[in-house]
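Close look at the chain arrangement
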Amino acid sequence: RAVTVAGDALARVWNVTTGKLVCCLEGHSDNIRSVVMTNKGRFVITASDDCTARVWDLQADMSTHAVDCHATKIRKVAPLANSASVASVGDDGVLIIWDAGSGKKRHELQGHKPGMTYFGITGDGSQVMTGSSDRSTVLWDAQSGAKVSSWPAQQGSRVKDMAFSQGGRFTALVLYDSSVCVFDIVTGAVTAQLIGRGERVGRNVHTGGVNGVLLTKDGTRAVTYSKDCTARVWSVPDNAVLHVVSGHTDGICCATLSPNESLLATASYAPTVHIHFMSDASPLAILDHEAPATILEFSPDSNLLAVILENHQVVLWNLAANDCLPPLQAHKSPITGASFSPDSTMLATCSADCTARVWDTRTGRQIAFIMTDAALQTVCFAGESCPDILVVGDVAGPPHFPGFP
């Protein structure tokens, strides 16, 4: 393709092989002074005497048919392993499997009445697990879209947090009454009641409200974290606490496990993040920041930790060197999502400021920028041979699949 501009405020896209006009880019109100096309030929950027620059997506469908999307806010997007497919869940109670290359819908699956707040994918990408606040859970076959098993909604306290094992068998639940249990998603049987309703006394329980839960890939260990400034590592088969993680001076608001499951990162309402070894809960590092953390994300190689702060900054830590890059400062509103590329060389962030950004994890340099017309909620990388597609979900319902050079 080639792009030409003249004095009529239009940019024209041509098929170089046939010499035919593909489309006209209309929108500027004065002469276009400069034009550039990205390496892969998808995006064109024009700059005009009307004091604006515009980014054009040449793969966008200009027809007026209804766009495939969720009816409400997208909660989470994630790639399926070993494929070019991406799964998304939304507040509309729908799971959608997408072809990341074309942006076309493969399956639209409905199994929950309230929104799908919780979401997991098996390690081989063959199954997707979804959960809702009413304690209903469903296990789906990602290829056929068939429902493998489900557990119906239950009466009582609502779900505060939910975690899935990567084997697709176990789910851990934290309810708003701070009880915590692990159950078999296929049979529905409770395999461990880690904390009972109202329990507040003893080493095996938290003395404050439980904020969240994590589950290892095989479902044999769980982590709970609490307003009592501690986290606990559990043996699920033994229904017992293995280690107590302490050191925070305020309640723990978020936590995550490294992909190799050797490290546990916890963040409190104070501006500190603690790193502990999962084997014995011994401390590795205490990371101080300018503001409290809202999101913690390990790189796939477990060497980097991205800390998203309340002040809209990103701090990227190299855990082996116990050092960090200067804070990444570009977003103007709260950062709502973060995701590393599979090779750990790039970090994508998205924000309520309607932008997504891709950063080089070695230098901190911004290497891609995407803007939409609605606040963004979630982001991930996709692509069959290499991660050359960024998938972002917004609060209005549609996902976006921009490529980047």
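Going by the structure above, here's the rest.
These lines cover the structure that appears in this document, whether it is placed above or below. (Residues numbered from 1 in each chain as written. Predicted model: local features only at pLDDT ≥ 70, side-chain atom pairs only at ≥ 80, totals over all residues. Heavy atoms only, no water.)

**Describing the side chain of His 70**
Heads up, the rule is: Each helix corresponds to a stretch of at least 4 residues labelled H or I by DSSP, and each strand to a stretch of at least 2 residues labelled E; elements are numbered beginning at the N terminus. Pairs of N or O atoms are called polar contacts if they sit within 3.5 Å, as long as, within protein, a hydrogen donor faces a hydrogen acceptor (for residues adjacent in sequence, only side-chain-to-side-chain pairs). Pairs of residues are marked as contacts when any of their non-hydrogen atoms sit within 4.5 Å.
By secondary structure assignment, the location of His 70 is in the loop between strand S6 (53-57) and strand S7 (74-79). Within the structure, His 70 has its side chain in polar contact with the side chain of Ser 88 (distance 2.8 Å). Each residue touching His 70, except ones within four places of it in the same chain, is listed here: Ser 88, Val 89, Gly 90, Asp 92, Val 94, Ile 96, Ala 396 and Gly 397.

**Looking at the sheet that holds strand S10 (residues 104-110)**
Quick note on the threshold: A strand pair is defined by DSSP finding two or more bridges across the two strands. A fitted line through C-alpha atoms represents every axis, and for helices the fit uses only the stretch in contact; the resulting angles, taken between N-to-C directions, go from 0 to 180 degrees.
What the four strands build is an open sheet, ordered S7-S8-S9-S10; its pairing is antiparallel. Edge positions in the sheet fall to S7 and S10, since each has one partner strand and no second. The sheet shows a mean angle of 20° between the axes of neighbouring strands, direction not considered. Where strand S9 (residues 94-99) and S10 come together, six bridges link them in antiparallel fashion. Across the sheet, Asp 99 pairs through a bridge with Lys 104, a residue of S10.

**So, the environment of Thr 355**
Mapped onto the elements, Thr 355 comes out in strand S34 (residues 355-360). Here the alpha-carbon distance between Thr 355 and Phe 369, two residues 14 residues apart in the chain, equals 7.1 Å. Setting aside anything within four residues of it in sequence, one finds Thr 355 in contact with His 331, Thr 349, Cys 350, Phe 369, Ile 370, Met 371 and Leu 376. Within the structure, the side chain of Thr 355 is placed 3.2 Å from the side chain of His 331, a separation counted as a polar contact.

**Quick look at the environment of Ile 74**
Looking at the secondary structure, you find Ile 74 in strand S7. It is 29 Å that separates the C-alpha atoms of Ile 74 and Gly 41, two residues lying 33 residues apart in sequence. If near-sequence neighbours (up to four positions away) are discounted, Ile 74 is found in contact with Ser 88, Val 89, Gly 90, Gln 377, Thr 378, Gly 393, Asp 394, Gly 397, Pro 398 and Pro 399.

**So, the pattern of salt bridges**
In plain terms, the rule: In the sections that follow, a salt bridge refers to a side-chain nitrogen of Lys or Arg positioned within 4 Å of a carboxyl oxygen of Asp or Glu. Remark: exposure states derive from per-residue accessible area (1.4 Å probe, protein chains only) relative to the maximum for the residue type, with buried under 20%, exposed over 50%, and partly exposed in between.
Enumeration over the complete set of coordinates arrives at eight salt bridges. Residue Asp 49 pairs with Arg 33 through a salt bridge whose shortest N-O separation is 2.9 Å. Here Asp 49, found in the loop between strand S5 (43-48) and S6, pairs with Arg 33, found in strand S4 (residues 32-37); they are 16 residues apart in sequence, far enough to count as distant. The class of Asp 49 is partly exposed, set by a relative accessible area of 32%. The class of Arg 33 is exposed, set by a relative accessible area of 62%. In this structure, Asp 228 engages Arg 232 in a salt bridge whose closest nitrogen and oxygen atoms are separated by 3.8 Å.

**A look at the environment of Val 186**
You can see Val 186 is positioned in the loop between strand S17 (180-184) and strand S18 (190-195). In this structure Val 186 touches Ser 149 and Arg 169, once residues within four positions along its chain are discounted.

**Examining the nonpolar core**
Note the cut-off: What makes a nonpolar core is a set of buried Ala, Val, Leu, Ile, Met, Phe, Trp, Tyr and Cys residues whose side-chain atoms join them at distances within 4.5 Å.
Within the largest apolar cluster, 18 residues are counted, with the highest numbers of intra-cluster contacts made by Val 273, Ile 275, Leu 296, Leu 305 and Val 307. Listed by contribution, the elements that provide at least two residues to this core are strand S24 (263-268), strand S25 (272-277), strand S26 (283-288), strand S27 (293-298), strand S28 (304-309) and strand S29 (313-318). Judged by nonpolar contacts, the second largest core, of 16 residues, contains Ala 163, Val 205, Val 210 and Val 241.

**Remarks on the pairing of strand S15 (residues 159-164)**
Burial analysis of S15 places five of its six residues in the buried class, the great majority of the element. As judged from the five bridges shared by S15 and strand S16 (residues 170-175), these two strands associate in the antiparallel manner. Bridged to Phe 164 within S16 is Thr 171. Here S15 hands over to S16 after five residues, with Gly 168 in that stretch at a positive phi of 80°.

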